[in-house]
Amino acid sequence: MAAEIHELTAPYALDALDELEEREFEEHLRGCGDCRSELTALSEAASALAYAVDAPAPAPALRGRILDAARRERSNVVPFRSRRIAVGASAVAALAAAVALAFGLWANSLSNSLDAERSANGVLRDPTAQSTPLSGASGRLVRAESGDAVLVVSSLRPSPPGKTYEIWVAPGGRPLRAGLFEAESGGAVVRLSERVPAGAKVMVTLERDGGVDAPTGKPLFIAAT
Amino acid sequence: MPRDFAHLSDEAVVALAARGEETALAELYDRYGRVAYGLAVRILRDQSLAEDAVQEAFLAVWRSADRFMPERAKASTWILTLVHRRAVDLVRREERRRTDPLEVVAPASGDAADEATWLRFERERVQDALKLLPDPQREALELAYYGGFTQSELAERLGQPLGTVKSRMFAGLSRLRQLLGDPTPTEESWQPRSTS
């Protein structure tokens, strides 16, 4: 079995192992970096097969049902459940665990050059981070206890030619430069280059390309932490 | 519902879902719900079961978004893996896979207009890539991925040794990855195709 088990990467990526084989292979994955890298690549190819299906669209009501069920989970209300959904609820936990195990074991990253966004994700994923709504724009500032912060802004026009959005952290005195962004796609997720002390304000102004040392205009929007 | 997160990457939307942002879950559904449901219907051949599989997969996304590691996998791969895993679990339980898995589900008619362009493009791209695979490889991938057959069941069904089935799966996935990963045709992969 030991020599053959490496060959199970492809069947595993296709969910084509029986339960026993699957358990054995997952055990093997823990100690085999080669199989983990291979699995990363093969799983991406396997999931591409999902796109090849020419099937009808789901009933519009499905979206609402999923969001209702998600809301109930969050609010911890024990809802009335039909038998069908009750069966589903226990399956969800097992499903999340099974696939998280497979994904959590993946050691090698996929090619993804969005390093800045990844470091932003670290703050967004921090459960202790505080989220403050923006006034003047749609979005929020998410601030970790360390002061590391991410600005999430949506429905924002791209900055005009020759101009850029500049972020400022104002701890009380002179505002400090905290990064530039363009909102090319109508919004932005930006990791601030300056830490945000508790109680500080974060502001955004429109400045000339390259940014300036001190804000020249009124803030377009503000988050008061 | 406004799509506030329309400009964000999948991975950033997952991070927001991990913070309990319901609109982030809605955004992920708007991006992948249709592919997810199409896949589940193809495997399960039952709309109600397919809806269950999709609902459970998206709730698993909601519940475990905080554990998702974007540096290890694409969010879309994770979501579609959840859907696939659940649909395969259900089809094995229901013994529905005895129907011929190569039979094509009747394509949707009338709602093609509301299908996102990127989705149609992606479907054609993957279908084209599949056509370039040698028949035995394509057959192994389709029976496993859409049919929910295990490798041992496939070996029996195809009358081939297990080792052959495994190597067809491996060769098929590797080739598919190569075809999908490289948008410029290479000498090896390029084949003249008649325009129809």
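Residue positions are given per chain, counting from 1 as you read along its sequence in written order. To label them, take the chains in the order written and letter them from A, then take the ligands in the order written and number them from 1. For this predicted model, a pLDDT threshold of at least 70 governs which residues receive local features, and a threshold of 80 or more governs which side-chain atom pairs are given and counted, while totals over whole chains, interfaces and linings are taken from all residues. To get the side-chain values, take all heavy atoms of the structure and skip hydrogens and water.

### Overview of the overall build of chain A
- Here a strand is any run of E in DSSP of at least two residues, a helix any run of H or I of at least four, and the numbering for each starts at the N terminus. What chain A contains, in helices and strands, is six helices and eight strands.
- Starting at the N terminus and ending at the C terminus, chain A contains elements arranged as α-α-α-α-α-α-β-β-β-β-β-β-β-β.
- Buried residues are those whose accessible area, probed at 1.4 Å on protein chains only, stays under 20% of the maximum for their type, while exposed residues exceed 50% and partly exposed ones sit between those limits. By the burial criterion, 48% of the 225 residues in chain A qualify as buried.
- The criterion used for residue contact is that any of the two residues' heavy atoms lie within 4.5 Å. Counting contacts in chain A only where the partners sit at least 6 residues apart, residues at least 24 apart contribute 56% of the total.

### A look at the interface of chain B and chain A
- With 88 residues of chain B at the contact, the number on the chain A side is 88 residues.
- Among the residues chain B hides against chain A, the three largest losses belong to Arg19, Arg72 and Arg85 of chain B. Together they make up 10% of the total.
- Between Lys or Arg on one side and Asp or Glu on the other, a salt bridge is scored when a side-chain nitrogen of the former is within 4 Å of a carboxyl oxygen of the latter. Our count for the contact surface shared by chain B and chain A stands at nine salt bridges.
- A salt bridge links Glu7 of chain A to Lys166 of chain B; the shortest N-O distance between them is 3.7 Å.
- Each polar contact in these results corresponds to two N or O atoms within 3.5 Å; when the atoms are within protein, one needs to be able to donate a hydrogen and the other to accept it, and residues that are neighboring in sequence are counted only if both atoms are side-chain atoms. Inspection of the chain B/chain A interface yields 17 residue pairs in polar contact (both at pLDDT 80 or more).
- For the side of chain B that touches chain A, the secondary structure elements donating two or more residues are helix H1 (10-18), helix H2 (22-44), helix H3 (47-64), helix H4 (75-94), helix H5 (117-131), helix H6 (135-145), helix H7 (151-158) and helix H8 (162-181) of chain B.
- Split by residue class, the side of chain B that touches chain A holds 46 nonpolar, 17 polar and 25 charged. Accessible area that two parts lose when put together, evaluated with a 1.4 Å probe and summed over both, is termed the buried area. Each residue receives one of three labels: charged for Asp, Glu, Lys and Arg, nonpolar for Ala, Val, Leu, Ile, Met, Phe, Trp, Tyr, Cys and Pro, and polar for the others, Gly being one of them.

### Some points on the side chain of Glu22 of chain A
- Tracing the sequence through the fold places Glu22 of chain A in helix H2 (residues 19-31).
- Other than its neighbours up to four places away in sequence, Glu22 of chain A contacts Tyr12 and Leu17 of chain A together with Arg85 of chain B.

### A word on the pattern of salt bridges
- Within the structure shown, the criterion is met by 21 salt bridges over all chains.
- The partner of Lys74 of chain B in a salt bridge is Glu44 of chain A, with the nearest N and O atoms 3.1 Å apart. Taken together, the residues span two chains, with Lys74 of chain B in the loop between H3 and H4 and Glu44 of chain A in helix H3 (residues 33-48).
- Judged by relative accessible area, which is 26%, Glu44 of chain A ranks as partly exposed.
- Ionic pairing is found between Asp30 of chain B and Arg63 of chain A, a salt bridge with its closest N-O pair at 2.7 Å. Taken together, the residues Asp30 of chain B in helix H2 and Arg63 of chain A in helix H4 (residues 61-75) connect one chain to another.
- A relative accessible area of 30% places Asp30 of chain B in the partly exposed class.
- Residues participating in the shared-partner salt-bridge network are Asp15 and Glu22 of chain A together with Arg85 of chain B.

### Looking at the nonpolar core
- With 106 residues, the main nonpolar core has Leu14 of chain A together with Leu44, Val54, Phe58, Met169 and Leu173 of chain B as its most contacted residues.
- Looking at this core, the element that brings in the most residues is H2 of chain B, giving 14 residues.
- Each residue touching Met169 of chain B, except ones within four places of it in the same chain, is listed here: Ala10, Pro11, Leu14 and Ala16 of chain A together with Ala140, Leu141, Ala144, Gln151 and Leu154 of chain B.
- Take the buried Ala, Val, Leu, Ile, Met, Phe, Trp, Tyr and Cys residues and link them wherever side-chain atoms come within 4.5 Å; each set so joined is a nonpolar core. Of all hydrophobic cores here, the second largest spans 22 residues; its members include Leu134, Ala149, Val153 and Val204 of chain A.

### Points about the environment of His7 of chain B
- Topologically, His7 of chain B is positioned in the segment before H1.
- There is a polar contact of 3.3 Å between the side chain of His7 of chain B and the backbone oxygen of Val153 of chain A.

### Description of the sheet that holds strand S3 (residues 149-154) of chain A
All names here are of chain A.
- Strand pairing is assigned whenever DSSP detects at least two bridges linking the two strands. Spatial ordering of the open sheet is given by S1-S2-S3-S6, a layout of four strands whose pairing is antiparallel. Unpaired on one side and paired on the other, strand S1 (130-133) and strand S6 (187-191) mark the two borders of the sheet. On average, each strand axis in the sheet is tilted by 15° relative to the strand beside it, whichever way the strands run.
- Pairing of S3 with S6 involves five bridges; the strand directions are antiparallel. Its bridge partner being in S6, Val153 is matched across the sheet by Ala188. Between N-to-C directions, angles cover 0 to 180 degrees, with each direction set by a line fitted to C-alpha atoms, over the stretch in contact for helices.

### Quick look at the sheet that holds strand S8 (residues 221-224) of chain A
All names here are of chain A.
- Across the sheet, four strands lie side by side as S5-S4-S7-S8; this open sheet has antiparallel pairing. Taken across any chain shown, the strands that pair with only one partner, and hence form the sheet edges, are strand S5 (176-181) and S8. When the angles between neighbouring strand axes are averaged without regard to direction, this sheet yields 25°.
- Sheet topology note: the strand S4 (residues 163-170)/S5 ladder contains four bridges and is antiparallel. Each bridged residue has a counterpart across the sheet, and for Val169 the counterpart in S5 is Leu176.

### Description of the pairing of strand S7 (residues 201-208) of chain A
Residue and element names in this part refer to chain A.
- As defined by bridge partners, S4 adjoins S7 across eight bridges and the pair is classed as antiparallel. Bridge pairing in S7 links Thr164 to Glu207.
- Across four bridges, S7 lies against S8 in antiparallel orientation. Each bridged residue has a counterpart across the sheet, and for Lys201 the counterpart in S8 is Ala224.

### So, the confidence of the model for chain A
- pLDDT is defined as a per-residue confidence score from the predictor, taking values between 0 and 100. Of the residues in chain A, 79% reach a pLDDT of 70 or more, and the chain-wide mean stands at 79.
- Counted against residues more than four places away or in other chains, residues 76-87 of chain A, with its pLDDT under 50, gives eight contacts.

### A few points about the packing of aromatic side chains
- Any pair of Phe, Tyr and Trp rings, taking the six-membered ring for Trp, is counted once the centres come within 6.5 Å. Such a pair is stacked with planes under 30 degrees apart, edge-to-face with planes over 60 apart, and tilted for the rest. Tallied over the entire structure, the rule returns seven aromatic pairs over all chains.
- Note on Tyr51 of chain A and Trp118 of chain B: the rings are 6.2 Å apart at their centroids and 65° apart in plane angle, and the pair reads as edge-to-face. Placement of the pair is Tyr51 of chain A in the loop between H3 and H4 and Trp118 of chain B in helix H5, with the two residues belonging to separate chains.
- When its relative accessible area of 38% is taken as the criterion, Trp118 of chain B is described as partly exposed.
- A ring pair is formed by Phe68 of chain B and Trp78 of chain B, whose centres lie 4.7 Å apart and whose planes are at 25°; its orientation type is stacked. One end of the pair, Phe68 of chain B, is in the loop between H3 and H4; the other, Trp78 of chain B, is in helix H4, with 10 residues separating them in the sequence. Take Phe68 of chain B and Trp78 of chain B: they sit in the same class, and that class is buried.
- Each member of the aromatic cluster is reached from another via a ring pair, and the members are Tyr51 of chain A together with Tyr32 and Trp118 of chain B.

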